[in-house]
Amino acid sequence: MRFVTEYRDAAACRKLAEAIARLVTRPWTLMEVCGGQTHSIIKFGLDQLLPEQVTLVHGPGCPVCVTPLEMIEKSLELAARPDVTFCSFGDMLRVPGKSQDLLAVKAGGGDVRIVYSPLDAVAVAQEEPEREVVFFAVGFETTAPGNAMAVYQAKEMGLTNFSMLVSHVLVPPAVEALLSSPDCRVQGFLAAGHVCTVMGYGEYEPLAAKYGVPIVVTGFEPVDILQGVHACLKQLEEGRAEVENAYARSVRHEGNLPAQELIREVFEVVPRKWRGLGEIPRSGLSLREPYAALDAEKRFGLTETEIPEPEACLSGLVLQGLKRPPECPAFGQECTPEHPLGATMVSSEGACAAYYRYRHVGGEAPV
Amino acid sequence: MCLAVPGKIMEMQEGRFGHMAKVSFGGVVKQVSLAYVPEAKLGDYVMVHTGFAISIVDEAEAAEVWGYLEEMAALAAEETP
């Protein structure tokens with residue numbers, strides 16, 4: 001596949017790894033923000049190509065992983081209603097709530113459907129007017145344009161049986177929350193390439209300046225990631241802290257303006273609770289007042305109840321880059337992808353699932 | 001979840017949800033909304049996420065990485081005595 005295969009070239013990766021080895025003179029800790037990058041790093045063993053002084057810690061950029069338990073419970077409550085057709089991306093189906101997951105609700109007769117695009121859920125609402133169709137809108141900025149378009153189209157079409165359970169989160173406020181924590185040991189960031197494709201990277205410039213950390217917009221294939229790591233380490237070695245774009249084939253400084261315009265039309269910025277990180281100000285998106293009729297929480301009068309995390313699960317620390325998955329006593333013991341305790345073991349982009357799949361004895365061998 | 005996959009625009013048409021295209025991902029063809037890349041042309045590669053093209057792949061920028069690699073290899077050769 002063009003623009004994929006060539007960025008997995010082993011010889012190019014080796015050249016980049018050698019350049020990184022020549023560059024590094026002391027220990028550095030970098031964080032890749034996005035779970036998709038974590039998955040590539042562990043799958044392709046990119047961390048093992050780096051010099052020992054370079055540590056990669058894994059960030060909170062997995063929407064499935066940071067969706068709070070309270071929101072999972074709301075999804076389960078809606079999906080179990082006999083009048084509701086609950087549409088979701090596939091990776092939310094196995095996230096455990098208090099006592100079950102969406103897959104169990106489906107097995108118990110709930111009408112839960114996996115969709116590829118939020119527009120598929122709008123089409124279901126149009127084709128089955130007797131059903132209350134709810135779409136579970138989970139995601140970062142990358143997913144927001146599609147979800148905004150689904151809400152916008154549903155309203156334009158005058159659909160009265162479509163609504164959205166919105167749990168959207170924003171990356172820059174989470175990066176700032178991590179940087180401002182006294183426990184933060186991250187010296188440079190690889191920013192998420194597709195979030196920046198939509199939003200651009202101007203928002204990171206004040207963060208790089210304020211906290212003195214380089215932030216490099218990075219893609220997802222092995223060559224992209226090693227190029228991002230190289231650019232970030234080069235800045236650190238030279239004492240610079242700038243925002244740099246190492247994924248220019250997809251990312252422009254201003255991002256995708258038509259997409260940002262529709263996001264602003266449909267959504268407003270609100271405080272949001274992140275699983276493992278707690279509430280972060282101005283870190284989420286919620287539907288604006290003109291779209292309130294399409295807000296599933298309001299439509300079905302859902303109430304908020306605080307739900308504690310399972311004690312044995314360290315996913316909060318993993319999401320902050322303070323612990324690595326194998327350091328959790330439950331990892332690979334009572335917590336496995338078949339029986340996950342926390343969302344970082346559920347999502348294929350969760351750090352725990354990536355380590356289990358590619359590094360755990362008995363897990364799948366690296367490709 | 002923020003996975004976006006590059007695909008080639010094979011055919012453009014107006015659909016139920018506006019400006020759409022058939023996009024080929026290494027032979028697998030899917031319907032994709034072009035609402036956010038109105039300037040996209042037939043034959044362009046677009047990055048696609050949840051059925052929406054979110055950017056047009058900049059082929060000149062894509063080629064630069066290989067130049068960057070050659071530059072680094074040349075630097076390495078200079079450093080080696």
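The structure displayed is predicted, hence computed values, not measured ones.

The rules behind these values
Per chain, the residues get numbers from 1 upward, laid out in the order the sequence is written. A letter from A marks each chain and a number from 1 marks each ligand, given out in the order of writing. pLDDT decides what is reported in this predicted model: residues at 70 or higher carry local features, side-chain atom pairs at 80 or more are listed and counted, and totals for whole chains, interfaces and linings draw on all residues regardless. We count a stretch as a helix when DSSP gives it H or I for four or more residues in a row; a strand needs E for two or more, and each element gets its number in order from the N terminus. Once C-beta atoms are placed from the backbone, each residue is buried if 20 or more other C-beta atoms lie within 10 Å of its own, exposed if 12 or fewer, and partly exposed for counts between those two. Residues are defined as contacting one another if the C-beta atoms placed from their backbone atoms lie within 7 Å. By definition here, a helix of n residues has an expected span of 1.5 Å times n minus one. Throughout, the ten residues Ala, Val, Leu, Ile, Met, Phe, Trp, Tyr, Cys and Pro are labelled nonpolar, Asp, Glu, Lys and Arg are labelled charged, and all others, Gly among them, are labelled polar. An automatic or database domain assignment supplies the residue ranges for each domain. Note on pairing: DSSP must find at least two bridges between two strands before they are called paired. To define axes, lines are fitted to C-alpha atoms, for helices over the stretch in contact only, and angles between the resulting N-to-C directions are given on a 0 to 180 degree scale. In this description, the arc belongs to the directions extending from the helix axis to the C-beta atoms. Roughly parallel means an angle under 35 degrees; roughly antiparallel means over 145; roughly perpendicular covers 65 to 115; every other angle is labelled oblique. Should the near helix be turned anticlockwise from the far one by less than a right angle, the crossing is termed left-handed; should it be turned clockwise, right-handed.

### Let's talk about the overall build of chain A
In step 1: The number of helices and strands found in chain A is 16 helices and 11 strands.
In step 2: Taking the principal axes of its C-alpha atoms as reference, chain A extends roughly 65 × 45 × 45 Å.
In step 3: Going through the 367 residues of chain A one by one, you find that 56% of them count as buried.
In step 4: Of the contacts made within chain A by residues no fewer than 6 positions apart, 77% connect residues no fewer than 24 positions apart.

### With respect to helix α11 (residues 222–237) of chain A
Residues and elements named next belong to chain A.
In step 1: With 16 residues, α11 should cover 22 Å at 1.5 Å per step; its first-to-last C-alpha distance of 22 Å lies within 8% of that length.
In step 2: When you tally the buried positions in α11, you get 14 out of 16 residues, the bulk of the element.
In step 3: Where α11 ends, the next residue or the one after it, G239, has phi of about 75°, a positive value.

### Here we look at the interface of chain A and chain B
In step 1: Taken together, the 41 residues of chain A in the interface contact 30 residues of chain B.
In step 2: Listed by contribution, the elements that provide at least two residues to the side of chain A that touches chain B are α1 (10–23), α3 (63–66), α6 (118–127), α7 (144–156), α9 (193–199), α11 and α12 (257–266) of chain A.
In step 3: Considering each element in turn, the side of chain A that touches chain B owes the most residues, five residues, to α1 of chain A.
In step 4: Tallied by class, residues from the side of chain A that touches chain B come to 22 nonpolar, 12 polar and seven charged.

### Digging into the environment of C232 of chain A
Residue and element names in this part refer to chain A.
In step 1: Relative to the helices and strands, C232 resides in helix α11.
In step 2: Owing to 28 C-beta atoms within 10 Å, C232 belongs among the buried residues under this scheme.
In step 3: Taking the C-alpha atoms as reference points, C232 and V243, 11 residues apart in sequence, are found 9.3 Å from one another.
In step 4: If near-sequence neighbours (up to four positions away) are discounted, C232 is found in contact with L30, G188, L190, P214 and V216.

### Description of the domain arrangement of chain A
Residue and element names in this part refer to chain A.
In step 1: Domain annotation of chain A identifies domain 1 (5–64 + 172–245) and domain 2 (67–169 + 255–299).
In step 2: When each unit is reduced to the centre of its C-alpha atoms, the spacing between domain 1 and domain 2 is 30 Å.
In step 3: Taken together, the 14 residues of domain 1 in the interface contact 23 residues of domain 2.
In step 4: Where the side of domain 1 that touches domain 2 is concerned, the elements lending two or more residues are β2 (54–61), α3, α8 (171–179) and α9.
In step 5: Sorting elements by how many residues they give to the side of domain 1 that touches domain 2 places α9 first, with six residues.
In step 6: Among the residues forming the side of domain 1 that touches domain 2, the class breakdown is 10 nonpolar, four polar and no charged.

### Some details on the sheet that holds strand β10 (residues 267–274) of chain A
Residue and element names in this part refer to chain A.
In step 1: Spatially, six strands are ordered β4-β3-β5-β6-β11-β10 in an open sheet, and the strand pairing comes out mixed. Taken across any chain shown, the strands that pair with only one partner, and hence form the sheet edges, are β4 (111–114) and β10. Strand after strand, the sheet turns through a mean of 25° between neighbouring axes, direction not considered.
In step 2: Where strand β3 (residues 84–88) lies against β4, four bridges are found, and the strand directions are parallel. Bridge pairing in β4 places C87 opposite R113.
In step 3: Docked against the sheet, α8 engages β10 and β11 (278–287), running at close to 175° with respect to β11.

### Here's the deal with unusual backbone geometry
All names here are of chain A.
In step 1: Although it is not a glycine, F3 adopts a positive phi angle of roughly 70°.
In step 2: Secondary-structure assignment places F3 in the segment before α1.
In step 3: If you check the backbone angles, R282 has positive phi at about 50° while not being a glycine.
In step 4: Counting through the fold element by element, R282 comes out in strand β11.

### Quick notes on α6 of chain A
In step 1: Along α6 of chain A, the residues classified as buried are P118, L119, A121, V122 and A125 of chain A. Viewed along the axis of α6 of chain A, the buried residues span an arc of 155°, placing them on a single side of the element.
In step 2: Taken together, the buried residues of α6 of chain A touch β3, β5 (132–139), α7 and β6 (162–169) of chain A together with β3 (28–33) of chain B.

### Some details on the packing of helix α2 (residues 35–43) of chain A against helix α16 (residues 351–359) of chain A
Residues and elements named next belong to chain A.
In step 1: Interaxial distance between α2 and α16 falls to 9 Å at its minimum, and their mutual angle equals 15°. Relative to α16, the element α2 lies roughly parallel. Crossing geometry of α2 relative to α16 is assigned as right-handed. Between α2 and α16, the residues in contact are T38, H39, I42 and K43 and A351, A354, Y355, Y358 and R359, respectively.
In step 2: Its residues assigned to classes, the contact of α2 with α16 shows five nonpolar, two polar and two charged.

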